[in-house]
Amino acid sequence: VEGTETLSVSVDDFLHGKQQPTNTGMLFQEGLGAWATLLPDDQVLFGESQNDKEVSMDDQIEIKSKTAILYGNFDDPSFITLYQGLQANGIPVVVRYMCLDTATKDSHDEKGTDVNNGTVLQGYGVRLDIRNVEYKSFDDKGSPNMGHDYILDGENDLGDISQSSANNDEAKSITAEQWKDRFTNGIDPAIVYNAQKSKSLRSFSSWEQLELFFDQYLPQISMKQLITSEQEIPSKDSEDIAKLSLQASMVIAQSKDPLWTMQQLSQNLPSYAHALSQVALTPNFENKVDELVSKHGNRPDAESSKDGEFGFFVNGRRILMERPSFNLFELIHIIREESTLLSVLREDLGRILSGDNKNEMVEVVAEILAMGKDAFEQVSKDEQIGNGSNESDGVDAMSEMMGLTVEEPKFRVDVGSGYRGAVVYLNDIEKDPEYQSWPSSMQQALMNMQFGGGFSVRRNVLTVLIVVDPFDRQGGTLDALGLLLQLIQNRTPLRVGIAFASKKDIDSCRGHTDADCIQTSVCNSKDGDTIGSCEVTTEIIMKVLQYMMSMYGKSIGLPYLYLLVSELDKVTTVNDLVKGHTEAFMKMGIPVEDAKSSIISAIKTEHNPKSKVETYSKSVQFVVKKKIQPGMVFVNGIPMTATNPQQLQEVIGEETQRLLGMALTGKITDTSPRSIYAMLLKGDGVHKSMHPLLVEDAPIYKLTYENTKKALKGIIEVTERESSSKYPKILFEVRTDLASVFGLTNLASAINSLLIISSKMSNDATSGRSSIALRIVNLDEDSSQIRRLTDAIQKSNPAELSELLEMIESDLNSMKGAESEPVDTRFEIIANGRTFIPPSTGIQIEDVELLMSLERDSAHIITERLAPYLTQGDINSFAIVAASAAYIGNKFSSATFKSTERSEPFNGDEVMLEDDSGLLYFDWKREEGDGPVITAILDPLSYSCQRAAPLLRIIRDHLKLPVKVFLQPRSRLTEDSSLPLTSFYRFVADPLSNITFMNTPSAHFQGLPSNQVLTIRMDVPEEWDIQQSSVVQDTDNLQCTAQSCGDIDFAASVKDDEIATNGRLLENYTTVEYGLDSLLFFGQCYDFSDQSPPNGLQLTLSDAIASITENDIVEQAEVLPDGSIKQKLSTSKRPQTAGTLVMKTVGYWQLRSKPGVWHLQIADGTRGATIYELVDGDFSQNSIRTGGSTTMTPSTSQTLVMKDFVSPLVLVPVQKKHGFEDSQLLVTDNDFETDDGDDDIVHVFSLATGHLYERFLKIMMLSVTKRTSTKVKFWLFENFLSPTFKASAFAMAKLIGCELEFVTYKWPEWLRAQSEKQRIIWGYKILFLDVLFPLGLKKIIYVDADQVVRGDLKELWDLDLAGAPYGYTPMCNSREETEGFRFWNDGFWPNHLRGKPYHISALYVVDLQRFRRDLVGDKLRSAYQQLSADPNNLSNLDQDLPNYLQHQIPIKSLPQDWLWCESWCSEESKSTAKTIDLCNNPLHKEAKVSMAKRIISGDLFEESWIDLDAEVDFYDKEYF
């Protein structure tokens, strides 16, 4: 229990027996002092005294200040006892899970068998992949026919149904539904066969029920083919697989339970493939599917891949279930969030809306909110377009085909008109001579891009305007200029314009129409002797830039301005400016002559105001007129701030895509338009100037149903009544003081604006039509004048609005000149809740028009969807629409909705009208208000469907939530010629698991094919680090046959009587158990000193709980039910976890931990700790947020909490310490910390999977240790090793005199994953060498597990790599028999390598220091990410990748003797070989063990392979 210092002492005394309370209440007496500090996300569980009453906010604050924090295992009796004691005594408590010593991974017996009954988890998947056994890799110590699954059973797990008639009664009770339950984990052909055989012997009703089961749940699937085809899998070239996805959809559509059938087919496709391929498709079905998929499929929010379309949504929130790893707990969390959100929304809306159809309207608004802001805006835009023909459909299709479809910007600002004499353009691509070599044809530019070139065209296609106050250091101008300079240097067709204006001059000129507002610089009147002390202004900087461009050419403009602005923090006077100018010219390589004279000439230059030359006064007036500010950037009129260069680059990229699409479709040609810039700055969505409403980060929405008691009577309809039901309803609300001149003046202006807008709409059918109404709210006390205005509103129609306007104008005339109180300037105009407060100059018609245009689209969809529940002609319908719009707008502006991306809900009703036969769309509806809607769009034969199908069943059947499923089958499987799913799959998420199979959640496979070898591949959340904890068989080679199946048979074959008689094992079952070894923190680290990730920075976790104790002796105590204390002394302490290194790639890092509170720190004693320090704050897009502070506060650690299975991305900001700003973390060989004596140890890295390769690995370790002249330490990658190997290898290492340590790493989700186990292992072998080992390790030698070493690895350790980061042995070319198989001598490789050798990856040596310093790991990962996009690349991933990159990353070619393999090397070279590798021979598919015994024998070897194997076997027997 954690409390305060005083409380901790009291508990400490209590645990040591100094206090002997009779109950737990005595621990918590009043007055024990201050209590422990809670974490921000801690949930306080109040004691029983608080649970039954309402707790005020003040009381909660008081309670939280006196809260106990209880650590422990939740299912431990002592934890439960103490927790109940706290609750009974009214003590508020926070519970935190802590893995105690009694529940650690060390809880295994000496053979590695788990002896701890921990919590059995759910939320993971298991794949059984069909293995390619072209090369035999079975361990001959066990039968190759044995092994099977996670929980795999043989043919008779449900018993032989053809038993004697004594069992007839039980047999007859098997109904079709029960058959379905029995076969959920796969249909066992043996059971079906036995049932079929039994039907002819006696009256057997279960047979009829079995036939009924097939008819109902697997329609069209032939039972006979399923049980007689030996579960044959169609060959790769078979035409049978071409339409499997369509055939599966047809079976699912006709099933009584489509979700069950979808799960069955997707999770067991190899068994069903042959029978499924025989299902006859009807032409009607194929045609209808094509029609539905083409119309409703290919949603932009669904992920498209070779796996087909997939999308999974909770109330429109996208769940990335198709990711390489999927976290069920994250899905549960989101469902809970959405359920809570809907409950709150319905409660709020129930108070807002009224009327007979209130409940229906609440559900409509709740559904709109569930869309999310982005989807709602897109739907609004789409529905406004209407159902008319869209001429751009073909254009869009072409653009989409070229990958050029980008959403249009929300608006543009016309900063192109009125620029003459104001904007200084630094270049003109169409006229400047330096662009003469660029193609002037857009089509030629497109063609260049298709062949890998950049987009360079001699047209002003991209015009960027920056508003510059060069002395504003916070505006981001320098960063924006630097980015533009870089883009132009990269031949991006950018025209850059500068509008100079200081904030001071903008304020002075606001409200003026001439140049008199600009005060002329006094420098103009000073002579050369006195001008040096003159203050430099923005006008002077503009003049200097113009002068230098006139003298040296426009091409120097942008680089000169960038360099000059970068020097301005040192510039105050003209003399300072001369120095800055000189520095800029020197950096540009321009000779500097008389700098001061040039600057003075620039300052003294005067231009005729009527000339076309740009002047500062015109520039400031332009800025004021356009209502823009310094620090703003416009890309073809699209506004943003200069402080975000990343956004600027993204907008330029998106605009380029739009323009390319327009060129592709003929909207832009080589001759038209004359000005692309002018074309873009016309039409809808283009505003004459900036407006406060356009730049609101979060628009202000006021709920219009509030504070309307002072509203003048009724709502006045502005537009004609007959249009009310057809157009979006917008209720304007004016709030002001009607007794003031200011209030009445602005009210009159607002009414007049609405009347003008209404008239425009009635006269122009093409303009956006809306139904407009007005409500007036007085903010002052009641008066006779207000009552008179109220009485004027009687009819609620447009006619009386004109009368009201006349009355107001009359009142204003009578009030002019009268003495009055101080002016009340309160005035708000609100459109459907969106609020605008005009400046002191008052409301203008442009304000009203913009306000209405911003709300029209949303009003349209809200009006349309509420229309069925509104009473036509009822003026109150305006209030209902406005209240709904205000609530929606208010929620969409809130942080809750901003933080979640949502999509438009799938329109199932529309599909149902067209899919009346239920071919592809399935909808399981619930009562309104039941909870969030779950929507899935998927191909039934996809890997994503394997995960989704069981979860959809649980959500439907147990959570009772509405579910919508739309199948999108691929009409033809043309991506490759193989089966779409080549694995069996189970996802463990069964709410009833404790009462179904063996009382534990488990992945259960039955009816697996006996003619295939299977291998296990776990599918776990990214946060989980799992290892095998209990297994009997080889999980790389699992197979059941009629002769032998299961753990007991396997144990008998290897003569292990102890395992064979283990009571935990079941007949015909193979059982594998995994343990959750740790949970992962992962995130990004960023150095704000260098603006990049700190590559190689070492991070560690330390235990936040252990750190508060003063000694290493920890006393464990258990509070027994009777109140007595059971104590145990221990010298153990929760260990500090192993550290990690930060990658250069996105600054990624990962650390393992147990549940609890941890401190993340820079590792003590490292070079990183000397150079760097953590800082408080958060970072985003290369900027840091420090909670309002302008400085970054150093911190010694960052607190992390591992409290559940959903670990958020952790962002770690660091900076270099004072005095180390120029220091580098990875510099020379002498800058690394190494252990004493490291040079005397040879470090060897290897990995293996499966019993055979574990056996080889031990033999390799033994041969290396025997032959190496110094001590050897092995670093083994543990992810694929069995628990028995890990335990026995440690024991062997001690006996043979080597050291052993296991390393592990979790494949990051951002790096493209591999699906085949062998390729996953290859990836681990090469992609993470920079982060697998401690930073102090200088070098590592990789040796394949199936090698035997004859030479001294110390020679290889000491070999000079000549500056290369690693050394490999070239492939042999000396064996003539295999010449035709040498792929590296023909085709791609000789052309690519250009004389460099192709190397084998079975043995290599890595200089880890140079590897990290030269960022080799990042280069390998980057190339892998690009190349692996094509599955045909990197056939031998670990070998092809470094060979491919030889031109960028050199390889030191090792002497040929360092690796010999029979496949490629001659017999004559064998005698000098230092290592023998058992690489596969393409001429004969010889089993590995047979090859080893044959090759590694004779006089060349001190010990044969058989001798080494026997020695290893001896060590194993000694251990066991």
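Residues numbered from 1 in each chain as written. Predicted model: local features only at pLDDT ≥ 70, side-chain atom pairs only at ≥ 80, totals over all residues. Heavy atoms only, no water.

A. The sheet that holds strand 23 (residues 983-988), seen in detail. Taken together, three strands build an open sheet; the order of strands is 23-3-25 and the sheet is antiparallel. Strands at the two margins of the open sheet, each flanked by one partner only, are strand 23 and strand 25 (1014-1019). For this sheet the average axis-to-axis angle between neighbouring strands, irrespective of direction, equals 20°. Alignment of strand 3 (residues 124-130) against strand 23, held across six bridges, turns out to be antiparallel. Residue pairing in the sheet places Asp129 in a bridge with Ser983 of strand 23. Strands strand 3, strand 23 and strand 25 of the sheet are contacted by helix 35 (residues 943-957), whose axis makes an angle of about 35° with strand 23. (Pairing = 2+ DSSP bridges. Helix = DSSP H or I, 4+ residues; strand = E, 2+ residues; numbered from the N terminus. Axes fitted to C-alpha atoms, helices over the stretch in contact; angles between N-to-C directions. Contact = heavy atoms within 4.5 Å.)

B. Looking closely at the packing of helix 39 (residues 1251-1267) against helix 40 (residues 1283-1296). Two elements in contact, helix 39 and helix 40, have axes separated by 11 Å at closest approach and are oriented at 15°. Judged on the interaxial angle alone, helix 40 and helix 39 are roughly parallel. Here helix 39 and helix 40 pass one another in a crossing that is right-handed. Contacts from Glu1254, Leu1257, Lys1258, Met1261, Leu1262 and Thr1265 in helix 39 reach Phe1285, Ser1288, Ala1289, Met1292 and Ile1296 in helix 40. (Parallel < 35°, antiparallel > 145°, perpendicular 65-115°, else oblique. Left-handed = near helix turned anticlockwise from the far one by under 90°.)

C. Highlighting the state of the cysteines. Evaluation of the coordinates by the stated rule reveals two disulfides. Paired through a disulfide, Cys1372 and Cys1465 show a sulfur-sulfur distance of 2.0 Å. Negative torsions about the S-S bond denote left-handed disulfides, and the value of about 85° found for Cys1372 with Cys1465 makes this one right-handed. Placement of the pair is Cys1372 in the loop between strand 45 (1366-1370) and helix 44 (1388-1393) and Cys1465 in the loop between strand 48 (1460-1461) and strand 49 (1475-1477), with a sequence separation of 93 residues. (Disulfide = S-S within 2.5 Å.)

D. Quick peek at the pairing of strand 21 (residues 934-938). The buried count for strand 21 comes to five of five residues, which makes it a mostly enclosed element. Where burial is concerned, the two faces of strand 21 agree: the one with Ile934, Ala936 and Leu938 and the one with Thr935 and Ile937 are both buried. Where strand 21 lies against strand 22 (residues 963-967), five bridges are found, and the strand directions are parallel. Note that in strand 22 the partner of Ile937 across the bridge is Phe966. (Buried < 20%, exposed > 50% of the residue type's maximum accessible area, 1.4 Å probe, protein only.)

E. A look at helix 49 (residues 1505-1519). Helix length check: helix 49, at 15 residues, gives a terminal C-alpha distance of 21 Å against a target of 21 Å (1.5 Å per residue), a fit within 8%. Those residues of helix 49 that sit buried are Trp1505, Leu1508, Asp1509, Val1512, Tyr1515, Asp1516 and Tyr1519. The buried residues of helix 49 occupy an angular sector of 120° when the element is viewed end-on, so they sit on one face. Of the residues in helix 49, the exposed ones pointing more than 90 degrees away from the buried face are Lys1517 and Glu1518. Structurally, helix 49 contributes buried residues whose contacts are with helix 39, helix 40, strand 44 (1347-1349) and helix 48 (1488-1495). (Expected span 1.5 Å × (residues − 1). Arc of directions from axis to C-beta.)

F. Spatial organisation of helix 35. Taking 1.5 Å as the rise per residue, helix 35 with 15 residues should run 21 Å; its terminal C-alpha atoms sit 22 Å apart, in good agreement. With 13 of 15 residues buried, helix 35 is to be regarded as a mostly interior element.

G. Here's a closer look at the sheet that holds strand 42 (residues 1299-1303). Read across the sheet, seven strands follow the order 42-41-40-43-46-45-47 without closing on themselves; strand pairing throughout is mixed. Of all strands in the sheet, those bounded by a partner on one side alone are strand 42 and strand 47 (1451-1453). When strand polarity is set aside, the average angle formed by the axes of neighbouring strands in this sheet is 30°. Note: strand 45 against strand 46 (residues 1399-1407), five bridges, orientation antiparallel. Looking at strand 46, one finds that Thr1369 is bridged to Ile1400. Strand contacts of helix 40: strand 41 (1271-1277) and strand 42, with the helix running at about 155° to strand 42, the strand carrying the most contacts.

H. The arrangement of the environment of Glu330 in detail. Relative to the helices and strands, Glu330 resides in helix 14 (residues 328-352). For the pair Glu330 and Val1206, spaced 876 residues apart in sequence, the C-alpha to C-alpha distance is 6.0 Å. Apart from residues no more than four positions distant in its own chain, Glu330 is found in contact with Arg323 and Val1206.

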